[in-house]
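Here's the letter readout for the chains.
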Amino acid sequence: MESFAGDFSTLWTLNNRPPIEHLTWDWWWWLVMIDDEDHPMVGKQLMVLWSTKENDLVHINDVEWKPKGTPGFDDEGAIQIDGMVCAWWFDGSMMHDEIIAKVCDMVVLPSNHASWPGDEGQGGGAVVPLLDGDCSMGMFSDRSQFWLNLDLDHEAIQSIRLKMTPWNPAMSTAREATATYLGSLGYDILRLHGTKTSGTIDGKEVTGTAYFQKVCVQAPSVPWYWGVLHFSDGSYLDWFLPHLAPTILSRDPKAWRRRDVTHIAVSQGGLFHDAQNGRSERFKRVTVEKDRQANNLPRFFVHLKNGRTSIRLTVRAVARAYWDFHQPTRGGIWSHLTYNEYPLEVESLTIKDEHGIRQASMYDWIRGNAEHSWGLLH
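Engineer: Please set out the pairing of strand β25 (residues 334-353) residue by residue, giving values where relevant.
Structural biologist: Among the 20 residues of β25, 14 are classified as buried, and the element is accordingly described as predominantly covered. The pairing of strand β23 (residues 310-317) with β25 spans 8 bridges and is antiparallel. Paired with L313 across the two strands is L349, which belongs to β25. Here strand β24 (residues 321-328) runs beside β25; their pairing, made up of 8 bridges, is antiparallel. Within β25, the residue paired with Q327 across the bridge is S335. Counting the residues in the hairpin turn of β24 and β25 gives 5 residues, including G331, whose phi is positive at 75 degrees. The sheet contact formed by β25 and strand β27 (residues 366-376) spans 9 bridges and is antiparallel. Bridging across to β27, L344 finds its partner in G368.

Right, here's the structure in full:
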């Protein structure tokens, strides 16, 4: 592929749904998985989030954020927002949480805008935080690549310059998922399941892969499990299990919770882009269980099944990053959400279909990340 495919018409837009106070939440999110000679099966990881929220006040970890209101738009589609840029860095052995967490104004600029530098195009654009250093991300107007730049003031890492290029059609075609519950309640998600990545981190050349999503959520967020894996042959696997559990009442970010013993799935979903067989499979029967490691981090047992294929895997969290959200709601009540992200090591994998059985040892590497949340933000 020479350019990214699919419909990017909503990538640089906001307020496609009428915004709802306390609920509307938009973000652009990159998860980058970097090759690492010292830890080849896990790799290094970077997460960066550019976000805006329809709220008067939000506490995110130790940062107080007071969004100034609804984004402003000009006649050509440029947007000014009061946002936050946040990131964590996993160096292969240690998590450096909050390498950046800054409140700032941002400009979202589509590539068909008169102020766009260079050739105009359809689909390209950028999110540019108005900070002293460059913390931008965007896509060229010809859709040939994305960039991600971070200038940081952190002891673990100072400079990131990455480009993301297409991997294969299944991975690098933009795909949208949307749902509406009542009125304007619902979500809209635009994804790229995988890209190739190259560039420099603190001046050192790096390579790897990345996952991208642009999300608008307008509904209370119940707890969820989510995970994603990239395979060395260009395959992709994800799972998603929003659920009801006693953890919905949790109000702090403690790493392991005694009440986290059971859950009832609200829905189940999974996707496997199978590079070996040249097909994509969806799963509506998904189970996720977990146990507690000695370091208080989870080990996940995941099973996805449809009429043709069964996938079982065991993955363990090797580190944890979390974002602890508190916001006031109606009647002076504060709601809470803890959002955890875990770089993963694959301990076992079995893929069984009509062609036979595949194991983890048949791949040069499998890398990924899992999410688990608790609380209810509303």
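The structure having been displayed, the exposition proceeds.
Engineer: So, the environment of A370: which residues are in play, and what are the values?
Structural biologist: Following the sequence through the fold, A370 ends up in strand β27. Using a relative accessible area of 2% as the deciding quantity, one classes A370 as buried. Sequence separation between A370 and P71 is 299 residues, and the spatial gap between their C-alpha atoms is 31 Å. Those residues in contact with A370, other than ones at most four positions away along the chain, are W226, G227, F300, N340, E341, Y342 and L344.

Engineer: Lay out the nonpolar core in plain terms, naming residues and giving numbers.
Structural biologist: Counting 41 residues, the largest nonpolar core has W28, L46, W50, F146 and L148 as the members making the most contacts within it. If you look at the next biggest cluster of nonpolar residues, it comprises 37 residues, including W29, I60, W167 and W365.

Engineer: Tell me what's going on with the packing of aromatic side chains, and back it up with residues and numbers.
Structural biologist: This structure, assessed with the given rule, holds 16 aromatic pairs. A centroid spacing of 4.8 Å and a plane angle of 45 degrees characterise the contact between W30 and F212, whose relative ring orientation is tilted. Here the residue W30 occupies a position in strand β2 (residues 24-34), and F212 occupies one in strand β15 (residues 204-218), the gap between them amounting to 182 residues. For the pair formed by W30 and F212, the shared burial category is buried. An aromatic cluster of at least three residues, connected via ring pairs, comprises F4, W30, F146 and F212. One cation-aromatic arrangement involves K53 over W25; the distance from NZ or CZ to the ring centre is 5.1 Å. If you follow R367 out to its NZ or CZ, it ends over the ring of W365, 4.4 Å from the centre.

Engineer: Break down the pairing of strand β19 (residues 269-274) for me, with residues and values.
Structural biologist: Here β19 lies mainly inside the structure; 6 of its 6 residues are buried. Relative to β19, strand β17 (residues 236-244) runs antiparallel, the two being bridged by 5 bridges. Directly across from L237, in β19, lies its bridge partner F272. Sheet analysis places β19 next to strand β20 (residues 279-283), joined by 5 bridges and oriented antiparallel.

Engineer: Give me the lowdown on a positive patch on the surface, citing residues and values where you can.
Structural biologist: Positive charge collects at one region of the surface, where R285, K305, R312 and K352 lie side by side. With respect to the secondary-structure elements, K352 resides in strand β25.

Engineer: Please provide a residue-by-residue account of the pattern of salt bridges, values included.
Structural biologist: Tallying each qualifying case throughout the model produces 14 salt bridges. When the shortest N-O distance is used, the salt bridge between E347 and R316 registers 3.9 Å. One end of the pair, E347, is in strand β25; the other, R316, is in strand β23, with 31 residues separating them in the sequence. Looking at E347, the relative accessible area reads 39%, which means it is partly exposed. As a salt-bridge pair, R358 and D353 come within 3.0 Å of each other at their nearest N and O atoms. The exposure classification of R358 matches that of D353, with both residues buried. Through salt bridges that share partners, D274, R279, E281, R308, D353, E354 and R358 make up one connected network.

Engineer: I'd like to hear about the side chain of K290, residue by residue, with values.
Structural biologist: In this fold, K290 is placed in strand β21 (residues 285-292). For K290, a relative accessible area of 19% corresponds to the buried category. Engagement of the side chain of K290 in a polar contact is seen with the side chain of Y225, the distance being 2.4 Å. Filtering out sequence-adjacent residues up to four positions away, K290 remains in contact with Y225, W256, D260, P298, R299, F300, F301 and H372.

Engineer: Please set out the environment of T165 residue by residue, giving values where relevant.
Structural biologist: In this fold, T165 is placed in strand β12 (residues 159-166). When its relative accessible area of 24% is taken as the criterion, T165 is described as partly exposed. Along the backbone, T165 and T209 are 44 residues apart, and their C-alpha atoms lie at a distance of 9.2 Å. When near neighbours in sequence (up to four residues on either side) are disregarded, T165 contacts F4, S144, Q145, T195 and K196.

Basis of the calculations
Residues numbered from 1 in each chain as written. Predicted model: local features only at pLDDT ≥ 70, side-chain atom pairs only at ≥ 80, totals over all residues. Heavy atoms only, no water. Buried < 20%, exposed > 50% of the residue type's maximum accessible area, 1.4 Å probe, protein only. Helix = DSSP H or I, 4+ residues; strand = E, 2+ residues; numbered from the N terminus. Pairing = 2+ DSSP bridges. Contact = heavy atoms within 4.5 Å. Core = buried A, V, L, I, M, F, W, Y, C linked by side-chain atoms within 4.5 Å. Phe/Tyr/Trp six-rings, centres within 6.5 Å; stacked < 30°, edge-to-face > 60°. Lys NZ or Arg CZ within 6 Å of the ring centre and 35° of its normal. Patch = residues over 30% accessible without salt bridge, like charges linked within 9 Å, V, L, I, M, F, W, Y side chains within 5 Å. Areas by Shrake-Rupley, 256 points an atom, 1.4 Å probe, with all protein chains shown as cover. Salt bridge = Lys/Arg side-chain N within 4 Å of Asp/Glu carboxyl O. Lys, Arg positive; Asp, Glu negative; His and termini not counted. Charge placed at Lys NZ, Arg CZ, Asp CG, Glu CD. Polar contact = N/O pair within 3.5 Å; in protein donor to acceptor, adjacent residues only side chain to side chain.

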